[in-house]
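Chain residues, written in single-letter form:
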Amino acid sequence: MTGGIVIISMASMGGIGAILSLFLAYADKKLKVEEDPRIEALLNILPNTNCGGCGRAGCRVFAEALIQGTASIAGCVAGGQAVTDNIAEYLGVESQKASRIVAVVLCRGGNKEAVKNAVYKGERTCAAANLASGEKACIYSCIGYGDCVQVCKFDAMAMNDNGLPVVFHDICNGCGACARTCPRDIIEMHPLEHKIFNYCRNKDKGAVARKICKVSCIACGLCVKDCAVEGGIDMIDNLAVINYDKCPQDDQPTKRCPTACIIFGEEEKMTRETYYASLPKEAV
Amino acid sequence: MKLILIFISASLINNFVLTYFLGICPFLGVSNKTENALNMGLATTFVMTLTAAVTWPIYTYILVKFNVPFLEYVAFIIAIAALVQLVEMYIRKSSPAIYRAMGIYLPLITTNCAVLGLALFMVLRDYNYIESIFFGFGTGVGFTIAMLMMSGIREELEFADVPEVFQGVSITLIIAGMMALAFMGFAGLIR
């Protein structure tokens, strides 16, 4: 008798399952979604890291936008020129020159240079530490817990032994994730043509800034005077702000900087290889 | 007359969401925009009506007839899952935007306790086929009404000055509680 029930159960459930699956199989054929095969092909070209550098929710959305023609074929910053060329070839349009953008960390006040006036023992993330304004006296400085390094999907950043993030100039593809993560906005995205930077975001008056960090911008104005073009560098909120449209990219304004916070051509020196070669042997 | 009573009872007086606490997950999850809430309500109504239409014959003509009513949960879940799959295919085909907006909550209709609850109540109350379909449809309409009311309130809430401690999930749950309180007013009108 038990055997009979087992067989009946199996048969009835099997029957219901079979009928429903037949029905679904039919519905699947009827309601099949025709996806544009070009989206798949474009996805194979794109890096598929979903870094968000193009300003869209992911590589798939960018691929859809490319097909609809609402995105620029040079929009994929992470892929660079090679991907742009491939997209152009696939879509049969003329390639554009992709401008390479890299992240620049605009703070050089590491553990050696910046004065600390607090001890922070909470969660070791910049986002959390920023709520308590961090350990350093300078409230514009890098907090130094490496949220930016964590968020980098391309291993293009590392925290150096001075507690500051470094960007590997050869690896960074400009997706901007680090700049969006940094709670103090000290990371900026710049095209390769920009070579001179003021590595300080401190808006305090010169005397205050000098006291809390050795490499702060003290708003002395020497770089403003030394810039070859009038208005190439402006002094805004006690900070030298470089006007990249006007200022010639040379080391002229940097020579007399008393705190050496405005530097020329420093970014391109830092590649992944030079960084790891500079580390002590046991740390590698 | 009985059919109308069943319909009104299922949709208002014994509203599944607000008096039985069934199907809370999409009620809270997809009710932030009226459009999404309406679509979710319609999809669930469709699934519920078809569930009633499909599970009643399965129960009566297969499970009872072959004397294996203990299989009702398994059989009902299979039928519901198949129907949800169908709805998902249809929505994906007809409107990718709605499909994306509903996200995970669409396949979650499969395990929406309101849908299974409907099938079980139907068996428990000995409804006949037509009554079952009305019951299923009424339940779906009730679900949609609850969703719409909730989403309407939540849209207004966007502009309201909610105290910081109440923001997010907590104010939503408080509102759900107040709505349940309001629906208590219907209690006992008809069974």
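First, a word on what this report is: a plain description of the structure on this page.

What about the overall build of chain B?
Next, step 1: On a plain count of helices and strands, chain B comes out with 9 helices and 0 strands.
Next, step 2: Going from N to C terminus, chain B has its helices and strands arranged as α-α-α-α-α-α-α-α-α.
Next, step 3: Counting across all 191 residues of chain B, residues that qualify as buried make up 46%.
Next, step 4: The contacts of chain B with a sequence gap of at least 6 include a subset with a gap of at least 24, amounting to 77%.
Next, step 5: When the accessible area of chain B is evaluated, it comes to approximately 9,600 Å², of which 69% is carbon and sulfur surface.

A word on the overall build of chain A
Next, step 1: A tally of regular secondary structure across chain A gives 10 helices and 8 strands.
Next, step 2: Total accessible area computed for chain A in this model is approximately 15,300 Å², and 54% of it derives from carbon and sulfur atoms.

Brief notes about unusual backbone geometry
Next, step 1: If you check the backbone angles, A:D155 has positive phi at about 50° while not being a glycine.
Next, step 2: Here A:D155 falls in the exposed class, since its relative accessible area comes to 53%.
Next, step 3: Here the phi dihedral of B:D126 falls at roughly 55°; this positive angle occurs in a residue that is not glycine.
Next, step 4: Note on placement: B:D126 falls in the loop between α7 (113–124) and α8 (129–157).
Next, step 5: Here B:D126 falls in the exposed class, since its relative accessible area comes to 67%.

Some words on the interface of chain A and chain B
Next, step 1: Chain A puts 16 residues into the contact, and the matching count from chain B is 18 residues.
Next, step 2: Between chain A and chain B, roughly 1,500 Å² of surface is buried when both sides are summed, and carbon and sulfur atoms account for 85% of that area.
Next, step 3: Inspection of the region where chain A meets chain B yields 0 salt bridges.
Next, step 4: The tally of links from chain A across to chain B stands at 0 residue pairs in polar contact (both at pLDDT 80 or more).
Next, step 5: If one sorts the elements of the side of chain A that touches chain B by residue count, helix α1 (residues 2–30) of chain A sits on top with 12 residues.
Next, step 6: Taken together, the residues that form the side of chain A that touches chain B break down as 10 nonpolar, 2 polar and 4 charged.

Section: the packing of helix α2 (residues 37–45) of chain A against helix α4 (residues 80–91) of chain A
All names here are of chain A.
Next, step 1: Taken N-terminus to C-terminus, the directions of α2 and α4 make an angle of 155°; their axes are 10 Å apart at the nearest point. Looking at the two axes, α2 sits roughly antiparallel to α4. In this structure, α2 crosses over α4, and the sense of that crossing is right-handed. Counting all contacts with α2, which are made through R38, A41, L42 and I45, the residues of α4 involved are V83, N86, I87 and Y90.
Next, step 2: Residues belonging to the contact of α2 with α4 are distributed by class as follows: 6 nonpolar, 1 polar and 1 charged.

What about the packing of aromatic side chains?
Residue and element names in this part refer to chain A.
Next, step 1: Enumeration according to the criterion identifies 16 aromatic pairs over all chains in this entry.
Next, step 2: Between F197 and Y244, the ring centres sit 6.0 Å apart and the planes meet at 55°, which makes this aromatic pair tilted. Placement of F197 in strand β5 (residues 196–198) and of Y244 in the loop between β7 (239–242) and β8 (262–264) is noted, with a sequence separation of 47 residues between them.
Next, step 3: Judged by its relative accessible area of 2%, F197 falls in the buried class.

Analysis parameters
Throughout, residues of each chain are indexed from 1 in the direction in which the sequence is written. Chains carry letters and ligands carry numbers; both start at the beginning, A for chains and 1 for ligands, and go up in the order they are written. Local features in this predicted model are restricted to residues whose pLDDT is 70 or higher, and side-chain atom pairs enter the listing and the counts only when it is 80 or higher, whereas totals over whole chains, interfaces and linings include all residues. Heavy atoms throughout the structure, all of them, feed into the side-chain values; hydrogens and water do not. Runs of E in the DSSP output that reach at least two residues are strands. Runs of H or I that reach at least four are helices, and both are numbered from the N terminus. Burial status follows relative accessibility: with a 1.4 Å probe on protein chains alone, a residue under 20% of its type maximum counts as buried, one over 50% as exposed, and anything between as partly exposed. In what follows, a contact means two residues having at least one pair of non-hydrogen atoms within 4.5 Å. What sets the accessible areas is the Shrake-Rupley method with a 1.4 Å probe; for residues, cover comes only from the shown protein chains. Throughout, buried area stands for the accessible area (probe radius 1.4 Å) lost by two parts on being put together, summed over both. Salt bridges are defined by distance alone: a side-chain nitrogen of Lys or Arg within 4 Å of a carboxyl oxygen of Asp or Glu. In the analysis that follows, any N or O atom pair within 3.5 Å is treated as a polar contact, provided that within protein one partner can donate a hydrogen and the other can accept it, and provided that, for residues neighboring in sequence, both atoms belong to side chains. Side-chain classes are defined by residue name, with Ala, Val, Leu, Ile, Met, Phe, Trp, Tyr, Cys and Pro counting as nonpolar, Asp, Glu, Lys and Arg as charged, and the others, Gly among them, as polar. Every axis in this analysis is a line fitted to C-alpha atoms, fitted for helices over the stretch in contact. Angles between the N-to-C directions lie between 0 and 180 degrees. An angle counts as roughly parallel when it lies under 35 degrees, as roughly antiparallel when it exceeds 145, as roughly perpendicular when it falls between 65 and 115, and as oblique in every other case. Note on convention: the crossing is left-handed when the near helix lies turned anticlockwise from the far helix by less than a right angle, right-handed when the turn is clockwise. The pairing test for Phe, Tyr and Trp rings, Trp by its six-membered ring, is centres within 6.5 Å, and the orientation test on the planes gives stacked under 30 degrees, edge-to-face over 60, and tilted for anything in between.

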